[in-house]
Amino acid sequence: MSEQVRIEAAGRMLDIEHAFVGSSAPAAPLLVFLHEGLGSLAMWRDFPSRLCEATGHRGLVYSRPGYGRSTPRAPDEHWGVDFMHQQARDVLPALLTALQAPPRYALFGHSDGGSIALIHAATFPERVTRAIVLAPHIVVETLSVASIAAVRETYRSTDFRAKLARHHDDVDSAFWGWNDIWLNPAFARWSIKALLPDIRCPLLAIQGEQDEYGTMAQIDGIAEALPGGQCRLLELEHCGHSPHRDQPAAVIAASGAFFALDAQP
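These figures come from a predicted structure and were not determined experimentally.

Draft legend 1. Expanded view of the pattern of salt bridges. Throughout the structure, instances matching the rule amount to nine salt bridges. Here Arg245 ties to Glu36 by a salt bridge, and the two come within 2.9 Å at their closest N and O atoms. Taken as a pair, Arg245 in helix H8 (residues 243-246) and Glu36 in the loop between strand S3 (30-34) and helix H1 (47-55) lie far apart in primary sequence, 209 residues in all. Looking at Arg245, the relative accessible area reads 36%, which means it is partly exposed. On the accessibility criterion, Glu36 (13% relative accessible area) is buried.

Structural data, given as structure tokens:
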């Protein structure tokens, strides 16, 4: 069952839907889950619990503002090109403070959530112990824009809106906030490549070979920006944009091995 916590961030008061999963041991390390551009707490399903049970973490899962049961986007609110930076640098720190989170924690981010994880790790390198990113974006690719444009037509003309509405109190808030900014011509120049060298923690980047929203250039770019050995890459066959749904066992196994490195002498 999810709960609500009120925070002040992004210039307003926000109610954030969240839940803790996995280990209840007081000393268990915290793993923060950051969902995709159309995701929410509910859309992770049982994956965070499964991963945390396998790795011994206490997981924090939440819906960003505009998504799930969190405060929706105002009807006249249009996200700026820096919307992921705002989530990483303003909203997430405010949430962690409100929940009295430990000073150091790991991150697990998917798609936009992966980008937010990278920005947060670069901004607060002293806080983040490890980061796992699935299908992250570090630049805008033509493939991404084409696929997101196609989703706009799907949302308008099929039952996709009704299916998505099961997971969001205000489904139009979630969809149009994300879709409008990604298809804004100004967003084509968005990039976080310059931030990547500021990341200090070990990092695991995972990409599906059939990802319809991004190419291997995304995770290859992360590895190129970080010193040798800091970033591990995992390319998954028979896998699209959501490795934790398409190949959950492989993601859990790779994540477990990645976290186990902490226990090695």
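What follows continues from the structure just given.
Draft legend 2. Region of the structure containing the layout of surface pockets. In this structure, the largest pocket encloses a volume near 540 Å³. Contributing to the lining of the largest pocket are 25 residues, with Glu36, Leu38, Met43, Phe160 and Arg245 lying nearest its centre. As a volume, the second largest pocket reaches approximately 190 Å³. Around the second largest pocket, the lining comprises 18 residues; the ones closest to its centre are Pro65, Glu77, Trp79, Gln86 and Gln87. Of all elements in the fold, only strand S2 (12-22) and helix H2 (83-98) reach the threshold of two or more residues within the lining of the second largest pocket. Here the element with the most residues in the lining of the second largest pocket is H2; it accounts for five residues. For the lining of the second largest pocket, the class distribution of residues is 10 nonpolar, four polar and four charged.

Draft legend 3. Molecular detail of the packing of helix H4 (residues 142-157) against helix H6 (residues 171-182). Where H4 contacts H6, the two axes come as close as 10 Å, and the packing angle between them is 145 degrees. The element H4 and its partner H6 pack so that their crossing is left-handed. Side by side, H4 and H6 meet where Ser144, Val145, Ile148, Val151, Arg152, Tyr155 and Arg156 of the first sit next to Val171, Asp172, Phe175, Trp176, Trp178, Asn179, Asp180 and Trp182 of the second. Within the contact of H4 with H6, the residues separate by chemical class into nine nonpolar, two polar and four charged.

Reading guide: rules and limits
Residues numbered from 1 in each chain as written. Predicted model: local features only at pLDDT ≥ 70, side-chain atom pairs only at ≥ 80, totals over all residues. Heavy atoms only, no water. Salt bridge = Lys/Arg side-chain N within 4 Å of Asp/Glu carboxyl O. Helix = DSSP H or I, 4+ residues; strand = E, 2+ residues; numbered from the N terminus. Buried < 20%, exposed > 50% of the residue type's maximum accessible area, 1.4 Å probe, protein only. 1 Å grid on protein atoms, 1.4 Å probe; cavity = no way out; pocket = protein on both sides within 12 Å on 5 of 7 lines; lining within 4 Å. Points joined across faces, edges and corners; volume = space filled by probe spheres on them. Nonpolar A, V, L, I, M, F, W, Y, C, P; charged D, E, K, R; others polar. Axes fitted to C-alpha atoms, helices over the stretch in contact; angles between N-to-C directions. Left-handed = near helix turned anticlockwise from the far one by under 90°. Contact = heavy atoms within 4.5 Å.

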